[in-house]
Each structure stands twice: as C-alpha cells, then as structure tokens.
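The lines below spell out each chain.
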Amino acid sequence: MDFTVFDTPQPAVGPAQAEQIAVAVYGVGGVASPLAGERDRSFRIDGDRGSYVLKIGNRGDRPDALEAQAAAMAHALAFDPSLPLPRVIPTPDGDPVGSHDGYLLQLTEHIDGAAPVERDTPPGLRRSLGSLAGRLSIALRGYDHAALHRLFPWDLTKLPQLAPLLDHVPTERRSVLAEALATFEARVLPALGRLGGQPVHGDLHDDNIVVDPDDPERVIGLFDFGDMSWGPRAIELAVTTTYQCFGTDPAQAMAQVVSAFHVADPLHPAEMALVPGLVAGRCVQSLLMAARHLATHPDNAEYAAGDAENMWDTLNRLLAVDQETVVERVLRACGFGFPSPTDPLALRRERLGPTLSLSYDNPVHPERGVGVWLIEHDGRRLLDAYNNVPQVGHAHPEVVSALTAQARRLSTNTRYLVDEVVAYADQLAGLFPDPLGVVMFTNSGSEANDLAYQIARAVTEGQGVITTAHAYHGTTSATAAMSPEEYQSPPHAVTVGGEETLRRADAADVLGGQLAEATRVLESREETPAMMICDTVFSSEGIFDLPHGYLRTARKWAVETGALLVADEVQAGFGRVGPRFWGFAADEVVPDIVTLGKPMGNGYPMGAVVTTAAIAERFAARWHFFSTFAGSPLAAAAGMAVLDVIEGEGLAGQADRVGAYLRRGIAALAHPGIAAVRGPGLFIGVELADAGTTHRVVEEMRERGVLIGSTGPGDNVLKIRPPLVFTEHHADILLDRLAGVLDQI
Ligand code: PMP
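A few words on the sheet that holds strand S17 (residues 529–535). What the 7 strands build is an open sheet, ordered S14-S20-S19-S18-S17-S15-S16; its pairing is mixed. Each edge of the open sheet carries a strand with a single partner, namely strand S14 (436–442) and strand S16 (493–496). Averaged over all adjacent pairs, the angle separating strand axes in this sheet is 25°, with direction ignored. Its contacts with the sheet put helix H18 (residues 507–524) on strand S15 (464–468), S16 and S17, and the angle it makes with S16 is roughly 160°.

Neighbouring the ligand are the residues Ser444, Gly445, Ser446, Asn449, Tyr472, His473, Gly474, Asp535, Asp568, Val570, Gln571 and Lys598. Between the ligand and the protein, one listed contact pairs a nitrogen atom with a side-chain N or O atom of aspartate 568 at 2.7 Å. Burial of the ligand by the protein chains amounts to 81% of its free accessible area of 390 Å². When residues in the shell around the ligand are grouped by element, the largest group, 3 residues, is from helix H15 (residues 445–460).

Right, let's get into the sheet that holds strand S21 (residues 674–678). Strands sit in the order S21-S22-S25-S24 across an open sheet of 4 strands; the sheet is antiparallel. Across the chains shown, the open sheet's two edge strands, defined by having one partner strand only, are S21 and strand S24 (709–711). The mean angle between the axes of side-by-side strands here comes to 30°, regardless of whether they run parallel or antiparallel. Taken together, the 4 bridges between strand S22 (residues 684–688) and strand S25 (residues 717–720) define a ladder with antiparallel strand orientation. Note that in S25 the partner of valine 686 across the bridge is leucine 718. On top of the sheet, helix H22 (residues 651–669) reaches S21, S22 and S25; it is set at about 165° to S21, its chief contact.

Segmentation of the protein chain into domains returns domain 1 (4–109), domain 2 (123–333), domain 3 (342–392 + 649–745) and domain 4 (409–642). Computed from C-alpha atoms alone, the centre-to-centre distance between domain 2 and domain 4 is 57 Å.

Below, the discussion takes up a negative patch on the surface. Side chains of Glu398, Asp644, Glu647 and Glu649 sit close together on the surface and give a patch of like negative charge. Locating glutamate 647 in the fold gives a position in helix H21 (residues 633–648). Assessed through its relative accessible area of 68%, glutamate 647 is described here as exposed.

All right, on to the pairing of strand S19 (residues 593–596) then. On any regular strand, side chains alternate: one points to one face of the sheet, the next to the other face. Residue alternation in S19 divides its side chains into two sets, Ile593 and Thr595 and Val594 and Leu596, and both sets are buried. Pairing of strand S18 (residues 564–568) with S19, which is carried by 3 bridges, proceeds in the parallel orientation. Looking across to S19, one finds that valine 566 is bridged to isoleucine 593.

So, on to the pattern of salt bridges. This model, assessed by the stated rule, comprises 31 salt bridges. Across the pair glutamate 499 and arginine 503 runs a salt bridge whose closest N-O atoms are separated by 2.7 Å. Remark: arginine 503 and glutamate 499 occur in helix H17 (residues 499–503); sequence separation between them is 4 residues, near one turn of the helix. Accessibility expressed as a relative area gives 18% for glutamate 499, which makes it buried. Between arginine 704 and glutamate 700 there is a salt bridge whose closest N-O contact spans 3.2 Å.

Its place among the elements puts tyrosine 360 in the loop between helix H12 (344–352) and strand S11 (366–370). A relative accessible area of 13% places tyrosine 360 in the buried class. Not counting the four nearest positions on each side in its chain, tyrosine 360 is found in contact with Val698, Glu699, Arg702, Leu707 and Ile708. Here the side chain of tyrosine 360 touches isoleucine 708 through a polar contact of 2.7 Å, landing on its backbone oxygen.

With that out of the way, let us pick up the nonpolar core. If you look at the biggest cluster of nonpolar residues, it comprises 91 residues, and the most contacted ones within it are Phe574, Leu596 and Phe726. In terms of residues, this core owes the most to one element, H21, which gives 8 residues. Taken domain by domain, this core gets at least three of its residues from each of domain 3 (342–392 + 649–745) and domain 4 (409–642). Apart from the residues lying within four places of it in its own chain, the contact partners of phenylalanine 726 are Val372, Leu383, Asp384, Ala385, Gln654, Val658, Leu662, Leu682, Ala731 and Leu734. Listed in part, the 80 residues of the second largest apolar core include Val188, Met228, Tyr243 and Val326.

Within S22, 5 of the 5 residues are buried, which leaves the element mostly enclosed by the surrounding structure. The alternating pattern of S22 places Ile684, Val686 and Leu688 and Gly685 and Glu687 on opposite faces, both of which are buried. Both S21 and S22 contribute to a ladder of 4 bridges, which runs antiparallel. Each bridged residue has a counterpart across the sheet, and for valine 677 the counterpart in S22 is valine 686. Between S21 and S22, which pair antiparallel and follow one another directly, the connecting turn spans 5 residues, one of which, glycine 679, has a positive phi of 110°.

All right, on to the state of the cysteines then. Scanning all chains against the criterion turns up 0 disulfides. With no disulfide partner, cysteine 245 has as its closest neighbouring cysteine sulfur the one in cysteine 283, 7.4 Å distant.

A few words on the packing of aromatic side chains. Following the criterion strictly, the structure yields 10 aromatic pairs and no others. Relative to phenylalanine 441, the ring of tyrosine 424 lies with its centre 5.7 Å away and its plane at 25°, an arrangement referred to as stacked. With tyrosine 424 in helix H14 (residues 419–429) and phenylalanine 441 in strand S14, this pair connects stretches of sequence that are 17 residues apart. For the pair shown, tyrosine 424 and phenylalanine 441 are each scored as buried. With a centroid separation of 6.4 Å and an interplanar angle of 15°, the aromatic rings of phenylalanine 432 and phenylalanine 584 are classed as stacked.

What follows is about helix H24 (residues 728–744). Between the first and last C-alpha of H24 there are 24 Å, a value that for 17 residues agrees with the 24 Å anticipated at 1.5 Å per step. Among the residues making up H24, those that are buried are His730, Ala731, Ile733, Leu734, Leu735, Leu738, Val741 and Leu742.

The end-to-end C-alpha distance of H21, which contains 16 residues, comes to 22 Å, matching closely the 22 Å that a straight helix rising 1.5 Å per residue would cover. Across the 16 residues of H21, 12 count as buried, placing the element largely inside the fold. Pro633, Leu634, Ala635, Ala636, Ala637, Ala638, Gly639, Ala641, Val642, Leu643, Val645 and Ile646 are the residues of H21 that are buried. Tucked into the core, H21 has its buried residues touching helix H13 (397–409), H14 and H22.

What counts as what
Residues numbered from 1 in each chain as written. Predicted model: local features only at pLDDT ≥ 70, side-chain atom pairs only at ≥ 80, totals over all residues. Heavy atoms only, no water. Pairing = 2+ DSSP bridges. Helix = DSSP H or I, 4+ residues; strand = E, 2+ residues; numbered from the N terminus. Axes fitted to C-alpha atoms, helices over the stretch in contact; angles between N-to-C directions. Contact = heavy atoms within 4.5 Å. Near = heavy atom within 4 Å. Polar contact = N/O pair within 3.5 Å; in protein donor to acceptor, adjacent residues only side chain to side chain. Areas by Shrake-Rupley, 256 points an atom, 1.4 Å probe, with all protein chains shown as cover. Domains from an automatic or database assignment. Patch = residues over 30% accessible without salt bridge, like charges linked within 9 Å, V, L, I, M, F, W, Y side chains within 5 Å. Salt bridge = Lys/Arg side-chain N within 4 Å of Asp/Glu carboxyl O. Lys, Arg positive; Asp, Glu negative; His and termini not counted. Charge placed at Lys NZ, Arg CZ, Asp CG, Glu CD. Buried < 20%, exposed > 50% of the residue type's maximum accessible area, 1.4 Å probe, protein only. Core = buried A, V, L, I, M, F, W, Y, C linked by side-chain atoms within 4.5 Å. Disulfide = S-S within 2.5 Å. Phe/Tyr/Trp six-rings, centres within 6.5 Å; stacked < 30°, edge-to-face > 60°. Expected span 1.5 Å × (residues − 1).

In structure tokens, the structure reads:
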C-alpha cells in the first residue's frame, strides 16, 4: 500500500500566507480561515467579491491529483448542472490548478449553507444523501483519469492490503477487525469483482456537505473530491450509507439511503445485497486508518479519533445482527424480495375475508407478468387470454417507466395546476367525436358510472335508470343498483334488451318498444328517466356485437324523454373493438356520457367520465366534483403511456386482425360443443352448446396453461379478452388447447 501522501506533512501554510497566495495566484483578496483536512490544507477566503475555498495540495500527492478532481467536478456538473457541487475557479491563465512555491492549488466557490445536525440524523437527510450519491454516481460514470487508478488506502477494493495496519489497533479490538477483514476478503470482494468500475467520490458524509438552513434535510453543497477512486458504484453507496448508520439501527439507515440511491440510479439486487458487507468493510478501513494515523501522527490524535468510535459501534451493531435479515430489509425498501406467505390461501381467507371469490379451482398464483404471460411462483407460464386491464400487456415497459418517473417527480391532486393531467385529458378528448370533450377523472369504472348517474340526475332531474337485462356497471351503491347481473330488483332501474333481444336481427326495433315500456314503468312509479346505460360489448350478457341501430334507437329515445345516453366503455374501450376505438362508434352515435375504466391505466387504478361541455356546465352549476386520487399526475402518466403504446404499436388494428383470426379459428374447429362465436375485436364470446361444460372447459384450459373466463346469464359463454398485444401466434396456442379440451369434454 502507498502511504506516501499520508506520511508527508500537511502543507505548512498559515492563514496569512493563504491570503497572500489567493491574491498572488488568483487575484482574490480576503480573510482566510482554516478548514479541517487530512492531507491537504484548506482555507475559506472571505473577500469583497464573495467567498472561496483555497486548497493547498499535499506535496506527497500525485502531481495530477488536483487536476483529476477539478476535471471530475466539471464533468459531473456538465452532465447534471443541478448537482450541488462547487465550481472550480481557474487561474487568470485559465488553468484549473494553480501553483505557488512548489504547492499545487485549487480554488473553488464556497457554497454557503448550514452544517447538518450532528445527532439524530433525520431520515429525510439520509434520503437526500442517498439520492445525491445516486445522482453523483450517474454524473461521474463517463469520467476517467489515471489518478483514480492509483494505489490508495481509501480505495475499499484494496482493503485487504491494509491488513498490516492491524498491528496498530488496540489489542482488544484486533481480533474483531481481523475477522471482519477476512470475511470481507472471502465474501464481499469476489462479488465486488463482478461489478464494473467507475469514478467513486468515496467520502460522502456530513463533514463534506452543507444543507439548506431553511430545509435542513436538503443538501445544497458537496465538496472534497480528494478521496476519489475507481470502483463499483456500490462503494459510493456503501460509504455514504456507513456514516448514516452511526448511532442508529443499521438496517433501517441502509434501507433509507439505499432506496433513495436506487430511485436516482437504479441498482441491481446483487449490488444492494453487498451493502451490509461493504459498510462493515468501510468501518474496518476507517478504524485501521485511524489506528495508523494515531501511530504516525500522535500530535493530531483528535483528527485520528474522528469517527473511530462511531465506526466501531456501527461495525459491532452490524456484526450482532443476521446479515440475511439486513439484506432482506434493504431489498424490501427497494421493492425487491417480497416475502411469500407459507400458506397464501389460508392467509388470504383469513385476512381478505370471505366476500372475495377466487378464480379457478386451482387458483392462479402469479409472481409476475410480462406481455400476454403471467408467470406463477413455480415458474409456470400461463397465456393470459382473459385480462383486459393490462391492455397493452403486463408490465409494459413504457407504462412502468412513465409511472416510476412520475412517482419520482410528483404525485398530487387536481386542485393544483398540473400540466400532466391537462395534457392527458386533452389527448384523451381528441379520441372522441364532438361535442364530447370534457374529461372528469375517477378512480374506477364503478365511480365513473356512479358519477355519470349523479350528472344525469342533476341535469335531467329524473331518478330512473334504464339498463340491460343482465348488465354489470359497478360496485358502488348506486351502480350496484343498476347491475342486474349481481343484484335483483334494483330500486330505480328498469331493464331492457338482454340476451333474447340481442340475438334478434331486429334488436334495434325491439329495443324501441322496450324503452317505451320501461319509460311507462318508471312513470307508473312517478319517476322520470335520468339515463339509459349500455355496456357496448354486453360483456355480462354473454358478449354480443352491438346490433345495428341499437344505440341510435336509444339516442332517439333519450332525445324524446330528455334522459341522457351513457355508453359504458369500461370493458369495450381503448381499441379492444378495433380501430374505431370505442364500442359506441359502431353505431355512429354520440352518447351524452362515456364512462371509462379498467384498461385505461394498464393496471393503475383510474376511470373517467367523458361528456360534453354543455352537460358539464349544467352539472357544475349544481354540484361540485372532486375525488382525491382521481386524475393524479400518476394516473395521467399511466394513461398517456397507454394511449401512446396503443397508437405506437398499432394495437387497435391488431385487436381487429387477431380477433378476426381467432374467431375464424374457433369457428373452423367446427366442434359440436360450440354453438356460436361472436364479439368485436379482441372481445370474443364462445357460446357452448351445453352450459354444463363451461366450468370444466375454463378449468381445463387453465390446467393447460391458458386463462379464459365465462359469462352470460346462463354462464354458457367462454369469455376471451386478452391484452391487445396478443398475436396470431398466441391465438394458435389458444386454439390448440381449446380443441384439445373440447375433444376431451
Ligand atoms: N362497467 C362494466 C361494463 C364493467 O364490466 C365493470 C367491471 N367489471 C365496471 C363498470 C366497474 O369497474 P370497476 O370494477 O373497475 O369499478
């Protein structure tokens, strides 16, 4: 190990001489006051033109050391100008490194700020430091300099070379340090060696930062690049973490620093898992260096003692706890390593209550999803031909990235002027025919329908709802009362249409008569209709194509009665029915209100009411509407990503094409068990000849690795409704399995 710079005395320069040097070399006059340091000598210079820090380099250091530091700071600032680093002031000749009397010099801006609190570091400051370390790590990544590759005792990758320093350590501590050193060499170094290198500041702690006096958890200055070395960024992370473990539970402190670093510069779990070992290593390194300093500079014992007691305490706290538990805590803080319950089924029953049903006799136990696949904990891949929430595919990278980037930046509510929400509403409104152009955000499809009913009542002053015979529109009290699929005899609802009607060629005409009758029923109850609501793919009726003229009939009725026509696009919307994008568009009718949900955020919970400006005005005159989470920037980010992907990947066209392919394929099976195949785009209903077989078909498909569902008043219709990224290839898999299952049953 090379200790030259540590054995060369600090520059013998006092404040008076520092003042002279500042004037002579930089033309900067001012009063010098000394700052603490290990090898160099630094002064704060307060002059008329501001404050600076003058660093006088150690003569034992490499001649290019200061140049490497100045270039590193410049590099990082050029990459990320928002980093709180001081700017280097060059000499009048433009040289970033000055010289005087054989000393090399560096002048930087002085960043005015407060020293962080010494005790009980707030978690917010830990997170600030973690975040800063991550941002710095990215900003330094493209930088390199020969001086970073020097043999240097503060380089944690060289820790084993400090073993001879154990001789300086008090005997009672020696064996603990020796053992920790051996563990580091055996367990940590090999894993570290598998990670790539980059510049590491290596000294990010309270003495090298200042914070905002008005916000003491915000770091506004980071300095001292004198300990830079070359190594994995995990070292930056671990060094930063070490000091934050002082006097506290190390696992908790690690969770705080590492998660913040991870948000700024995403880490691999393998890097996170190294943190406890690296922190222990840093403690050992610091204790060995302190012991050496004390032995070689007994005059400067105070400096040597510095952090030693904290390091010793932290090391012992770490050694006292199970490393795996600490790693688990860190991984969890970063969203990894979620613990699986030993009996998830029993725990589910106990904790989620009996009201939730579970799909499939052999429950699906997914661990992750990607595209059209759900992957179970045992590694089994299931082709997802059922879920329309992940409209653009499970874990679509554009949606995930949009959400995570937005979560990092801002999540707030619609009472503020949030650009993301307005921009998204504008993009969404562009997908509707005039005069539909006002978007009111909700958190779900149920809430959207609930709000639609509230609007309809306010605008029409009626109470009655007309709905289709076996419809489902939501789970709130009001929407449950218009969902005959789940609840019989809802108080304000009268039903029309239904399976029987939908099968008829003259369904639109039949509907006309039914609407007139329903209106009379409402009148007999001394009610007037507020709205008619229609799920445009009739998903719970057994899946039907919108009969020709059906919504036009409804539109005509609405105009005559003054009621509103509500198209529930919670199931049908967002390209599933093909390029016409919305179910209602098949009939060239513009509803008064369109409600949205399920696929809107690809899994982010969001819904909306889309209506006309006139209706929105009339509603606003009587009611105020606000829902805390609805229309958050997160929702907007997810929603925008979904629209971009649908458009960018041509998914509406694909839904049309693959849907037709799949329907043709099912029809071509010409299986006697199949009575009919129908539905628009990728919303396919397969009516079975024998309702008694539906359950077995669905279960057997699941056993063969394909998820589908069932629907309809007689539960005799297979429901096939995959993410829109479903291709002909996936359709072939489904067809093959379906043929096999039908033959068997
Ligand atoms: N409308 C329709 C047509 C639906 O199918 C559903 C849900 N299946 C809803 C509304 C309610 O949506 P959510 O469960 O997201 O509130």
